[in-house]
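# Descriptive structure summary
Below are the chains, spelled out letter by letter.
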Amino acid sequence: MLEPLGLKDKKVLVPRGAGQAKSFSQLVEKYGGISIEIPLIAFRPIEINQRLQTAINEIDTYNWIIFTSNVTVDTFFSFKSIEEFSTFPRVAVIGKKTEEVISEKGLKAEFVPSAYVAEVFVEEFLPFVAPGSRILLPKGNLAREYISSSLIQHGAHVDEIIIYETYMPSESLEKLAKLLSADELDILMFTSPSTVDHFMNVVKEYKLESHIGNCVVGCIGPVTEKKLRSYGLPVHAAPKEYTVKEMVKSTIEYLEK
């Protein structure tokens, strides 16, 4: 059983923006930690182009649409609201949060994998995909191509369309560098490979490698863990269930050893 103050007085990096950080920070504070919100990742919709407009206009020709994150859901429906669609494909999602956001839009996720990674998604989703199926896959500019390439190999027709760009907020650079140089962060938590890349770009730019050696590192998912290890960073907490809640819990379990 976790100590109620398992993160007592620990300063924890929360790498999300204002819109997404609240529940993460509340969880850290629930266990006595001090949440330090520094968005390491932000998203901006692309300018709508002809390819995206055509996909939206022809939405009734798709058998499935796949949403891999809540950001993808929110961005997609920023171009055209759900009420404006007369028909909509069957929906497949990755992640509890994505499923929740889809539900809030009035849609039902008809497929949710047992684990929230692309490899498991593909393995479990393929039996639902008939050869020749048309699938729409909106994504960010840094997303992997594993899902689309696997489905195409299976005989599906996949329209993989970038709908948003991922970037590091400029205001986070100086804030992160200042806190790291003063050794003001005890625990680093990463939610995606992009957050790792953006973090390490700051570390390298400001030559702060010596200031992260004593930090406890937690992450969500094997791809993020692999990215951390590629930089030579240790990974102290990487839960089997890929959620922020489980990442926080596994970090506390590491601290209590």
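From a predicted model like this one, the values you see are computed outputs, not experimental measurements.

Our focus in this paragraph is the packing of helix 7 (residues 170–181) against helix 8 (residues 193–205). Put simply, helix 7 and helix 8 touch, their axes get as near as 10 Å, and they point 65 degrees apart. Where helix 7 crosses over helix 8, the two elements pack in a sense that is right-handed. Between helix 7 and helix 8, the contacting residues are L173, L176, A177 and L180 on the first element and F199, V202 and V203 on the second. The residue inventory of the contact of helix 7 with helix 8, partitioned by class, reads 7 nonpolar, no polar and no charged.

Here we come to the packing of aromatic side chains. Describing an aromatic ring pair means giving the distance of the ring centres and the angle of the ring planes. Using the criterion set out here, one finds 15 aromatic pairs in the structure. Arranged with centres 6.4 Å apart and planes meeting at 70 degrees, the rings of F76 and F88 form a pair that is edge-to-face. On the criterion of sequence distance, the pair formed by F76 in helix 3 (residues 70–79) and F88 in the loop between helix 3 and strand 5 (90–93) is long-range, its members being 12 residues apart. The same class applies to F76 as to F88, namely buried. The ring of F85 has K80 lying over it, and the distance from NZ or CZ to the ring centre is 4.8 Å. The aromatic ring of Y62 is capped on one face by R134, whose charged end is 4.5 Å from the ring centroid.

Helix 9 (residues 222–230) packs onto helix 8 with a crossing angle of 20 degrees between their chain directions and a minimal axis gap of 8 Å. The angle between helix 8 and helix 9 places the two elements in the roughly parallel class. Taken as a pair, helix 8 and helix 9 cross one another with a handedness that is right-handed. Each of P193, V196 and D197 in helix 8 lies in contact with helix 9, whose residues at this interface are V223, T224, K227 and L228.

Cut-off values and rules
Residues numbered from 1 in each chain as written. Predicted model: local features only at pLDDT ≥ 70, side-chain atom pairs only at ≥ 80, totals over all residues. Heavy atoms only, no water. Axes fitted to C-alpha atoms, helices over the stretch in contact; angles between N-to-C directions. Helix = DSSP H or I, 4+ residues; strand = E, 2+ residues; numbered from the N terminus. Left-handed = near helix turned anticlockwise from the far one by under 90°. Contact = heavy atoms within 4.5 Å. Nonpolar A, V, L, I, M, F, W, Y, C, P; charged D, E, K, R; others polar. Phe/Tyr/Trp six-rings, centres within 6.5 Å; stacked < 30°, edge-to-face > 60°. Buried < 20%, exposed > 50% of the residue type's maximum accessible area, 1.4 Å probe, protein only. Lys NZ or Arg CZ within 6 Å of the ring centre and 35° of its normal. Parallel < 35°, antiparallel > 145°, perpendicular 65-115°, else oblique.

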